[in-house]
Amino acid sequence: MTTATATDVLPLRVEDLTVRFAGLTALDGISLTVEPGTVHAVIGPNGAGKSTTFNVLSGVYRATSGTVHLGTRELTGLPPHRIAALGVARTFQNLALPPRTTVADSLLLGRHRLTRSGFVTAGLRLPSAVREERAHRERVREIAEFVGIGDQLDTPTGALPYGLQKLAELARALCMEPSVLLLDEPVAGMTADERRRTAAVIAGVRDSLGISIVLVEHDMGVVMRLADEVTVLDFGRRIAAGPPSRVQNDPAVIQAYLGTPDTGDTNEEATP
Ligand SMILES: Nc1ncnc2c1ncn2[C@@H]1O[C@H](COP(=O)(O)OP(=O)(O)OP(=O)(O)O)[C@@H](O)[C@H]1O
């Protein structure tokens, strides 16, 4: 499987990002840098602003102020398809693959922006279009094998177990040949086995492909094992940042997850 080289992957820089919705400040001056080839987790209690961060990075929401750059290229304000074309791919919290389409064809959809033959040449089955499609199918097979679903290429995605559907979605994002991958709760709803398997694939995407990953995830075990760097949000503000071991023991983070001691509002499972 082809790998990205250090020069292909640029840092993703978020600077002083603020997003307001009709009086509510969802993000309040957030800054973070995703270094090339690292996993950067964005965590925080419900409503902290994680999804809003993702939606700005992928162009779904517009920033009220602040900037996002990939290397020197400004992404702020670009529409989602332009951001994707610049190499920032995302997966969704909920399954988004067409259930009756085979895994192979679903992954081919991910290669749409890399397809050069127009649909007339493809429709006429010109040799150039046939060659191009064969090359894309070969790459789809490689990527499917990389995430461990190579023997499911002819299966309709809807017939796969849940964990494999999520991996197919990750594979579709990889089919865009991104340099940055935004993963929105990639292990949510999975069994322990599926979580382990998916975490290993994500580590492989970083270690073997050199792709940078922004990870929003509630499963603290997965975050602490995978992340090189963690940014913690609470009520739209960055309350801590650093390597997992440091963030895990930060009193502000513990307090944000547990609630203030005098409210008695505790949630042991969510403790980082
Ligand atoms: N489109 C929107 N319109 C209005 N308010 C929004 C919108 N999107 C998010 N918000 C608000 O912004 C705040 C941050 O929400 P966000 O979804 O980013 O949090 P989150 O950390 O992803 O939470 P969760 O873990 O529950 O998914 C919340 O108060 C939310 O209600």
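Just so it is clear, the structure is predicted and the values come from calculations on it, not from any experiment. (Residues numbered from 1 in each chain as written. Predicted model: local features only at pLDDT ≥ 70, side-chain atom pairs only at ≥ 80, totals over all residues. Heavy atoms only, no water.)

**Student:** Mind showing me how you'd approach the packing of helix α3 (residues 103-110) against helix α6 (residues 162-174) here?
**Tutor:** Each packed pair of helices is defined by two parameters, the angle between the axes and the distance between the axes. Look at α3 against α6: their axes get within 7 Å of each other, and the N-to-C directions meet at 35 degrees. For the pair α3 and α6, the crossing hand works out as right-handed. When α3 is examined against α6, the residues S106, L107 and G110 are found in contact with a partner set consisting of A168, A171 and R172. (Axes fitted to C-alpha atoms, helices over the stretch in contact; angles between N-to-C directions. Helix = DSSP H or I, 4+ residues; strand = E, 2+ residues; numbered from the N terminus. Left-handed = near helix turned anticlockwise from the far one by under 90°. Contact = heavy atoms within 4.5 Å.)

**Student:** What am I meant to see in unusual backbone geometry here?
**Tutor:** Both trends apply: most residues other than glycine have a negative phi, and most peptide bonds are in trans. For A22, which is not glycine, the phi torsion reads 30 degrees and is therefore positive. With respect to the helices, strands and loops of the structure, A22 is situated in the loop between β1 (12-21) and β2 (24-34).

**Student:** I tried to follow the site of the ligand on my own but got confused; where do I start?
**Tutor:** Around the ligand, the surrounding shell holds 13 residues, and the nearest of these are G47, G49, K50, S51 and T52. Between G47 and the ligand, the recorded distance is 2.8 Å, taken from a backbone N or O atom to an oxygen atom. Side-chain polar atom of Y61 to a nitrogen atom of the ligand: 3.1 Å apart, as the coordinates give it. When the free accessible area of the ligand is taken as 630 Å², the share hidden by the protein chains comes to 63%. Elements that contribute at least two residues to the shell around the ligand include exactly β2 and α1 (50-57). By residue number, the principal contributor to the shell around the ligand is α1, which donates 3 residues. The class makeup of the residues in the shell around the ligand is 6 nonpolar, 6 polar and 1 charged. (Near = heavy atom within 4 Å. Polar contact = N/O pair within 3.5 Å; in protein donor to acceptor, adjacent residues only side chain to side chain. Areas by Shrake-Rupley, 256 points an atom, 1.4 Å probe, with all protein chains shown as cover. Nonpolar A, V, L, I, M, F, W, Y, C, P; charged D, E, K, R; others polar.)

**Student:** Even after reading the chapter, I still don't get the nonpolar core, so can you show me in this structure?
**Tutor:** Here is a general trend for soluble globular proteins: nonpolar side chains tend to be buried in one another's company. Core analysis: the biggest nonpolar cluster contains 51 residues, and I149, L170, L174, L181 and V205 have the highest contact counts within it. Counting residues per element, this core draws most heavily on α6, which supplies 7 residues. In terms of domain composition, this core takes at least three residues from each of domain 1 (1-87 + 180-191 + 214-272) and domain 2 (98-177). Core analysis: the next-biggest nonpolar cluster, separate from the first, contains 24 residues, L17, L27, A48 and V214 among them. (Core = buried A, V, L, I, M, F, W, Y, C linked by side-chain atoms within 4.5 Å. Buried < 20%, exposed > 50% of the residue type's maximum accessible area, 1.4 Å probe, protein only. Domains from an automatic or database assignment.)

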